[in-house]
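Breakdown of the fold
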Amino acid sequence: QFYQACRTGIMDQALSIYFLLGWLGGDLLNLIGSFLADQLPLQVYTAIYYVLADLGMLSLYCYYRVKNGGRAFPAPINAAFVFLSVGSLSSLSLLGSAGTEDPGTFRGRSLLSAPGDELGPKPFSRTEIIGFTIGSISSVLYLCSRVPQICTNYKRKSTSGVSYSLFALVMLGNSLYGLSVLLKNPEPGQGQGDYILHHLPWLVGSLGVLALDVVISFQFLAYRKGRPATLEERGALLGEQDES
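Anyway, here's the lowdown on the structure attached to this text. Each chain carries its own residue numbering, running from 1 in the direction its sequence is written. It should be noted that, the model being predicted, local features are given only for residues of pLDDT at least 70 and side-chain atom pairs only at 80 or more, the latter also being counted only at that level, while totals for whole chains, interfaces and linings use all residues. Hydrogens and water are ignored here; the side-chain numbers use all heavy atoms of the structure.

The next subject is the overall build of the protein chain. A helix here means a DSSP run of H or I that spans at least four residues, while a strand means a run of E at least two residues long, and both kinds are numbered starting from the N terminus. When helices and strands are tallied, the protein chain shows 11 helices and zero strands. Seen in sequence order, the protein chain has helices and strands lined up from the N terminus as α-α-α-α-α-α-α-α-α-α-α. Buried residues in the protein chain amount to 41% of all 244 residues. When checking whether two residues touch, look at their non-hydrogen atoms; a contact exists if any pair is within 4.5 Å. A fraction of 88% describes how many contacts in the protein chain between residues 6 or more apart in sequence connect residues 24 or more apart. In short, Shrake-Rupley with a 1.4 Å probe defines the accessible areas, and a residue's cover is counted only from the protein chains shown. Accessible area for the protein chain stands at about 13,300 Å²; split by element, carbon and sulfur atoms hold 68% of it. The classification of residues rests on relative accessible area computed with a 1.4 Å probe and restricted to protein chains. Under 20% of the type maximum is buried, over 50% is exposed, and intermediate values are partly exposed.

Quick look at the structure:
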């Protein structure tokens, strides 16, 4: 997506600011919730990368917005952007200072287990409840963030400036991400149903958003013939019209 933005120069028109803000908000809450709810180390490390990538994409969006002479953002969007940016940087710094615990080893899900392995549900701690709630809100933001981008593509009748590789890799990553959580063996004394419940918001956020990404994939197919020209092509056409 970074390459596509630099190549076409119309990132501010191709992507919805609400899509980017919703994505950043979801990733930020995902990071905080994963840390508080004691999720897998892979989930925490992936969430950190997502937050950094979202901040880079938002910065690039603002750059092309200014470069292309776009209108200033409304006050609520500016406030949301500042709040999410400060929250992201603060969360990353706090997590970095807190350090990481021993991630342990990955234990694959056993096909055969002794009856004594299932010792009943593992209760939520107060911190895990807070993390679970934040993770649930993150899942809602993930699902809602796709809707503005779908509407933007529909209004433009084009997906020019949007990289399909972004959504293809997101779908692949979310699928593998969800499978990695499902395939991990529960902790000793924790039932499989209880294990799924503890990770449910993150499973919904990763696997549930696939349906909306499939809709965007169909938009790429439907609008592939109506791709508008890039800034350089439009500039050349305008120059020819002025000469004539």
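This paragraph deals with the packing of aromatic side chains. Any pair of Phe, Tyr and Trp rings, taking the six-membered ring for Trp, is counted once the centres come within 6.5 Å. Such a pair is stacked with planes under 30 degrees apart, edge-to-face with planes over 60 apart, and tilted for the rest. Per the stated rule, a full pass over the model turns up six aromatic pairs. Where Tyr49 meets Tyr50, the ring centres are 6.1 Å apart and the plane angle is 50°; that geometry is what we call tilted. The exposure class of Tyr49 is exposed, given its relative accessible area of 55%. On the basis of an interplanar angle of 65° and a centroid distance of 5.0 Å, the ring pair of Tyr164 and Phe220 is categorised as edge-to-face. Of the two residues, Tyr164 is situated in helix H7 (residues 164–183) and Phe220 in helix H10 (residues 210–222); the sequence distance between them amounts to 56 residues. Residue Tyr164 is classed as partly exposed on the basis of its relative accessible area of 34%. These aromatic residues form a ring-pair network of at least three members: Phe19, Trp23, Tyr164, Phe167 and Phe220. Above the ring of Tyr154, the side-chain terminus of Lys157 is found at 3.8 Å from the ring centroid. Geometrically, a lysine NZ or arginine CZ counts as sitting over a ring once it is within 6 Å of the ring centre and also within 35 degrees of the ring normal.

We now examine the packing of helix H3 (residues 17–36) against helix H6 (residues 126–156). Think of two packed helices as two axes; the pair is described by the angle between the axes and how far apart they sit. Convention adopted: a line fitted to C-alpha atoms gives each axis, helices being fitted over their contacting stretch, and angles between N-to-C directions are expressed from 0 to 180 degrees. Interhelical geometry of H3 versus H6 gives an angle of 160° and a closest axis separation of 7 Å. As summarised for this structure, H3 and H6 are arranged roughly antiparallel, according to the angle between their axes. Viewed along their axes, H3 and H6 form a crossing whose handedness is left-handed. What sets the label is the angle itself: under 35 degrees gives roughly parallel, over 145 gives roughly antiparallel, 65 to 115 gives roughly perpendicular, and the rest give oblique. Left-handed describes a crossing whose near helix is turned anticlockwise from the far helix by less than a right angle; the clockwise case is right-handed.

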